[in-house]
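A closer look at the structure
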Amino acid sequence: MRLGVNIDHVATIREARGTIYPDPVYAAVLAELGGADGITVHIRQDRRHIKERDVLILKDIVKTHLNVESSINQDIQDFLVKVKPRWVCLVPERKEEITTEGGLDIEKFQTETKTAIERLKSAGIKVSIFIEPEKEIVKRAREMGADAVEFHTGKYAENPIQSEIDRIEEASEYGASLELEIHAGHGLHYRNIHPLLRIKEIEEFNIGHAIIAHSIFVGIERAVREMKEIINGKKD
Ligand code: PXP
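Here's what I pulled together on the structure shown here. All figures in this text were calculated on a predicted structure; none of them were measured in a lab. (Residues numbered from 1 in each chain as written. Predicted model: local features only at pLDDT ≥ 70, side-chain atom pairs only at ≥ 80, totals over all residues. Heavy atoms only, no water.)

Overview of the site of the ligand
Residues in contact with the ligand amount to 13 residues; listed here are only the nearest, E69, E150, G187, G208 and H209. Interatomic distance of 2.8 Å between a backbone N/O atom of G208 and an oxygen atom of the ligand. Expressed as a share of its isolated accessible area of 400 Å², the protein-covered part of the ligand is 94%. Taking a 2 Å distance to the grid points as the criterion, the majority of the atoms of the ligand fall inside the largest pocket. (Near = heavy atom within 4 Å. Polar contact = N/O pair within 3.5 Å; in protein donor to acceptor, adjacent residues only side chain to side chain. Areas by Shrake-Rupley, 256 points an atom, 1.4 Å probe, with all protein chains shown as cover. 1 Å grid on protein atoms, 1.4 Å probe; cavity = no way out; pocket = protein on both sides within 12 Å on 5 of 7 lines; lining within 4 Å. Sits in = over half its atoms within 2 Å of the grid points.)

If you want it as structure tokens, here you go:
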């Protein structure tokens, strides 16, 4: 199981004061030293944290793989097609939200989602879609040509009950049977990830807030290493 470290919130601190520090680029290097298998950033339409400059530098310096989360917005898609990160994860976006609130409604935004997938894939970028862990949505993601689905684990994180774990597990098994790569993330932290580690179909977790929050006390390298040890089953 891979760990993608989302470093958005390093940039959130930078933007809070409009300074040039702390630099998410430093965070990416340290996260990789701590064992991150990938670096994830979300370039939002309001640029509240990650900006074009960050994505461009990260594309050059990340040694693992760069995964950029983005809405289906045309301008950002144009930018990503030029930059060509290894992965793009299509997510829903609402201006007023504090963080991504749920999976992308790929039925409602069918045309935009399909167009984005086609454009990104023809630029050689792998595409995942951030969706709710529901079989019907997984099936549609596959039909639209996604390489992977990332399951939104927010509901599980808010209410970690067995039925939520089962829902993620069933959707993961189904997705893998359709030869989709399975990713998961949102709201995961050092104490709630354990039950999901038993779902063998999940190939990648994308975790941000909890790791960056912990890094305030222990540094980024150690915060990432501790999460990696949990994922590898070396630490409770
Ligand atoms: N995966 C996706 C698609 C996300 O949008 C986010 C939040 O930016 C994450 C994972 C990471 O969530 P968290 O910061 O709660 O770990």
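Next comes the rest of the account.
Brief notes about the packing of helix α2 (residues 24-33) against helix α10 (residues 220-231)
Two numbers describe how α2 lies on α10: the axes approach to 7 Å, and their chain directions differ by 45 degrees. Judged on the interaxial angle alone, α10 and α2 are oblique. Considering how the two elements wind past one another, α2 and α10 form a crossing that is right-handed. On α10, the residues touching A27, L30, A31 and L33 of α2 are I220, E221, V224 and R225. A breakdown of the residues in the contact of α2 with α10 according to their chemical character gives six nonpolar, no polar and two charged. (Axes fitted to C-alpha atoms, helices over the stretch in contact; angles between N-to-C directions. Helix = DSSP H or I, 4+ residues; strand = E, 2+ residues; numbered from the N terminus. Parallel < 35°, antiparallel > 145°, perpendicular 65-115°, else oblique. Left-handed = near helix turned anticlockwise from the far one by under 90°. Contact = heavy atoms within 4.5 Å. Nonpolar A, V, L, I, M, F, W, Y, C, P; charged D, E, K, R; others polar.)

Here we look at the layout of surface pockets
Leftover empty space is mapped by rolling, across the atoms, a probe with the size of a water molecule. The volume enclosed by the largest pocket comes to roughly 730 Å³. The wall of the largest pocket is formed by 34 residues, among which H9, T99, H186, G187 and H209 lie closest to the centre. Within the residue set of the lining of the largest pocket, elements represented by two or more residues are α1 (8-17), β6 (148-152), α7 (154-158), β8 (202-207) and α9 (209-218). Examining the composition of the lining of the largest pocket, we find that four residues originate from one element, α7, more than from any other. For the lining of the largest pocket, the residue count by class is eight nonpolar, 17 polar and nine charged. (Points joined across faces, edges and corners; volume = space filled by probe spheres on them.)

Quick notes on the nonpolar core
Judged by nonpolar contacts, the single largest core of 68 residues is most densely connected at I7, L90, I129, F205, I207 and I211. Beyond its immediate stretch of four places on either side in the chain, I207 contacts L3, G4, V5, N6, L188, I193 and M227. (Core = buried A, V, L, I, M, F, W, Y, C linked by side-chain atoms within 4.5 Å. Buried < 20%, exposed > 50% of the residue type's maximum accessible area, 1.4 Å probe, protein only.)

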